[in-house]
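Residue-level structure breakdown
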Amino acid sequence: MSAPSSADMEYYYSQLFPFSDIFYWLNHSREPSLDMANRELAMAFRSGAYKRYNSYTTPEEFKQQIERANPDRFEIGAVYNKPPKERDALLKSEMHPLHKELVFDIDMDDYDPYRTCCEGARVCTRCWRFITLAIEVMDSTLKEDFGFRDIMWVFSGRRGAHCWISDRRARMLTDIQRRNILDYVNVVRDRTGNKRLNLVRPYHPQLSRALEQLKPHFVDIILGDQDPWRNNDSAFGTLITGLHDKSLQEALRKHWTENPDRSSQQKWADIDAFAAAETRNNHSNASRKQDYMNKLKECKEDIVLQALYPKLDVEVTKQTIHLLKSPFCIHPATGNVCVPILDGFEPNQAPKLHQLQEEMQKHGNNVKETALQPFISHFETYIDTLIQHTEDDNSLKRKREEVLA
């Protein structure tokens, strides 16, 4: 897999990249606005150089300057009180961030303790199901618990997904408020899986909802398709450690050591069988038996969440000034376009730059005849809705100000 060359990127920016769409998305309007004029964009180059505090006032200037610089990729930052490109002429205290989209980042390698098909940066159709489920759970939380509407998920180009929330309320969040939302959704903080999650009961309604979403897929993905606990080291490291009783842990460890090739599904069933024997032999009191089995049920629910609940890169969300790669950039290692995630999307559906070049040559440089077009069309529909929502919010804000005046 060859990385895109400088000439490849020059071609992409001049012929394919949807500059106007990106501009209007970040501007929240097709009319001139400080949301883009005062927006920071940073450029990363093949040499390792990194140029921050660029800003553009029109789609034409945006396109012209990116084409001229020909970066490896560019990243999106906050809207400031002054144009970032004027930063060098200002005192540091004169410039500060005002707002930016609320963003989240989910990377596949955080699921490595539970996937057997790939590891690290590698991704396939089978393990992409972890990301699909994470998006489903996050969407429910963001829409039902926070009332956000303008949510867009974007393929990172290799191993994960970025979430951009453009509601006005989301954009205006302070850093403290962003951290509070992060604390609410960031349930699984240990990425190794070798510590008991031990969540408070009763579950918060958000966790109860997530558990019901994830349980049907746990049997299919974890116990069936991925089968991570067939390997005893994995079972001892991320399954047994989730149980509440030391005697049960030791009994299972002994049994699986003597029978090393039991599947994840068999080992999951072993937990119940050995727990039943433990209560028969050591707990004569009916209430103690029931308490033991209730705790076991809670442990197994926590294990489901530990394996499948969204695992977030917290640093991306914490600060308004954090930069995140723009949609429709090219991933420098894979050549994939970082496209919006459509229903049923899988990583192998992301257009590659070399593929797009061939399609352009075949169809007379008509972007609408390339594999990129369905993603651009989806993005344009999203922008239309976002701009309408922004206009409605601005109108409501003006009416409130008139009433209060």
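The residue numbers shown here count from 1 along each chain, following its written sequence. Reporting in this predicted model follows two pLDDT cut-offs: at least 70 for local features of residues, and 80 or more for side-chain atom pairs to be given and counted; totals over whole chains, interfaces and linings ignore these cut-offs and use all residues. The side-chain numbers reported here are obtained from all heavy atoms of the structure, hydrogens and water having been left aside.

1. Some remarks on helix H2 (residues 19–27)
With respect to burial, H2 is a largely interior element, 7 of its 9 residues being buried. Three exposure classes are used, based on accessible area relative to the maximum for each residue type with a 1.4 Å probe and protein chains only: buried under 20%, partly exposed in between, and exposed over 50%. To qualify as a helix, a DSSP run of H or I must reach at least 4 residues; to qualify as a strand, a run of E must reach at least 2; elements of each kind are numbered from the N terminus. Those residues of H2 lying buried are Phe19, Asp21, Ile22, Phe23, Trp25, Leu26 and Asn27.

2. Things to note about the sheet that holds strand E5 (residues 102–107)
Pairing in this open sheet of 3 strands is antiparallel, and the strands run E5-E7-E6 from one edge to the other. Unpaired on one side and paired on the other, E5 and strand E6 (151–155) mark the two borders of the sheet. The mean inter-strand angle of the sheet, taken between neighbouring strand axes irrespective of direction, is 20 degrees. It only takes one pair of heavy atoms within 4.5 Å for two residues to be counted as in contact. Axis geometry follows a simple rule: fit a line to the C-alpha atoms, using only the stretch in contact for helices, then measure angles between N-to-C directions, giving values from 0 to 180 degrees. Across the sheet, helix H5 (residues 128–145) is in contact with E5, E6 and strand E7 (160–165); its angle to E6 comes to roughly 165 degrees. Pairing between strands requires that DSSP locate at least two bridges from one strand to the other.

3. A short note on the nonpolar core
Here, nonpolar core means buried Ala, Val, Leu, Ile, Met, Phe, Trp, Tyr and Cys residues that are tied together by side-chain atoms lying within 4.5 Å of each other. Ranked by size, the top nonpolar core spans 109 residues in total, and within it Tyr12, Trp25, Phe104 and Phe328 carry the most contacts. Looking at which element gives the most residues to this core, the answer is H5, with 9 residues.

4. Focus on the layout of surface pockets
Within this model, the largest pocket holds a volume of roughly 560 Å³. In the cavity and pocket records, a cavity denotes points on a 1 Å grid over the protein atoms alone where a 1.4 Å probe fits but cannot get out, a pocket denotes an open set with protein on both sides within 12 Å along at least 5 of 7 lines, and lining residues are residues with an atom within 4 Å of a point. Residue lining of the largest pocket: 27 residues in total, with Ile135, Asp139, Trp153, Ile341 and Asp343 positioned closest to the centre. Looking at the lining of the largest pocket element by element, the count peaks at 8 residues for H5. Side-chain classes follow a simple rule in which Ala, Val, Leu, Ile, Met, Phe, Trp, Tyr, Cys and Pro form the nonpolar group, Asp, Glu, Lys and Arg form the charged group, and the remainder, Gly included, forms the polar group. For the lining of the largest pocket, the class distribution of residues is 12 nonpolar, 7 polar and 8 charged. Grid points are joined across faces, edges and corners, and a volume is the space filled by probe spheres set on the points.

5. What about the pattern of salt bridges?
We count a salt bridge whenever a side-chain nitrogen from Lys or Arg sits within 4 Å of a carboxyl oxygen from Asp or Glu. Evaluation of the coordinates by the stated rule reveals 29 salt bridges. Its salt-bridge partner being Arg201, residue Asp302 comes within 3.1 Å of it at the nearest N-O pair. Of this pair, Asp302 sits in helix H12 (residues 286–308) while Arg201 sits in the loop between helix H7 (175–185) and helix H8 (205–226), placing them 101 residues apart in sequence. Arg201 gets classed as partly exposed once you look at its relative accessible area, which sits at 24%. A salt bridge links Glu250 to Arg253, with the shortest nitrogen-to-oxygen separation between them at 3.9 Å. You can see Glu250 and its partner Arg253 sitting in helix H10 (residues 246–258), 3 residues apart, about one turn around the helix. Given a relative accessible area of 47%, Glu250 falls into the partly exposed group. Overlapping salt bridges bring together Arg126, Arg129, Asp220 and Asp225 as one network.

6. Describing the packing of aromatic side chains
What counts as a ring pair is set by centres within 6.5 Å for rings of Phe, Tyr and Trp (its six-membered ring), and what kind of pair is set by the plane angle: stacked under 30 degrees, edge-to-face over 60, tilted for all other angles. Evaluated as defined, the whole model comprises 25 aromatic pairs. Ring centres 5.7 Å apart and planes at 90 degrees place the aromatic pair Phe62 and Phe74 in the edge-to-face group. Of this pair, Phe62 sits in helix H4 (residues 59–69) while Phe74 is found in strand E3 (residues 73–80), placing the two residues 12 residues apart along the sequence. Judged by relative accessible area, Phe62 falls into the buried class, the value being 0%. Judged by its relative accessible area of 0%, Phe74 is buried. On the basis of an interplanar angle of 10 degrees and a centroid distance of 5.9 Å, the ring pair of Phe146 and Phe148 is categorised as stacked. In this structure Phe148 comes out as buried when scored by relative accessible area, which is 4%. Aromatic ring contacts, followed pair by pair, group Tyr12, Tyr13, Phe17, Phe19, Phe23, Tyr24, Tyr56, Phe62 and Phe74 into a single cluster. Counting as a charge over the ring demands two things of the Lys NZ or Arg CZ atom: a distance within 6 Å of the ring centre and an angle within 35 degrees of the ring normal. The aromatic ring of Trp256 is capped on one face by Lys267, whose charged end is 5.4 Å from the ring centroid. Over the ring of Trp268 we find Lys300, and its NZ or CZ is 4.3 Å from the ring centre.

7. What about unusual backbone geometry?
The omega torsion across Arg201 and Pro202 is -5 degrees, close enough to zero to call that bond cis. Mapped onto the elements of the fold, Pro202 is located in the loop between H7 and H8. Phi angles above zero are rare outside glycine, and Phe328 is one such case at about 75 degrees.

8. Some thoughts on the packing of H2 against H4
Viewed as axis vectors pointing N to C, H2 and H4 meet at an angle of 125 degrees, and their least axial separation amounts to 9 Å. Classified by the interaxial angle, the pair formed by H2 and H4 is oblique. As for the relative orientation of H2 and H4, their crossing is right-handed in sense. Across the interface between the two elements, Phe19, Ser20, Ile22, Phe23 and Tyr24 from H2 touch Pro59, Phe62, Lys63 and Ile66 from H4. Partitioned by chemical class, the residues of the contact of H2 with H4 number 7 nonpolar, 1 polar and 1 charged. Here the word oblique covers every angle except those under 35 degrees (roughly parallel), over 145 (roughly antiparallel) and from 65 to 115 (roughly perpendicular). What makes a crossing left-handed is the near helix being turned counterclockwise from the far one by less than a right angle; a clockwise turn instead makes it right-handed.

9. Comments concerning the environment of Tyr24
Along the chain, the position of Tyr24 falls in helix H2. Counting along the chain gives 35 residues from Tyr24 to Pro59, while the straight-line C-alpha distance between them is 8.1 Å. Excluding residues that lie within four positions of it along the chain, Tyr24 makes contacts with Ser29, Arg30, Pro59 and Ile383.

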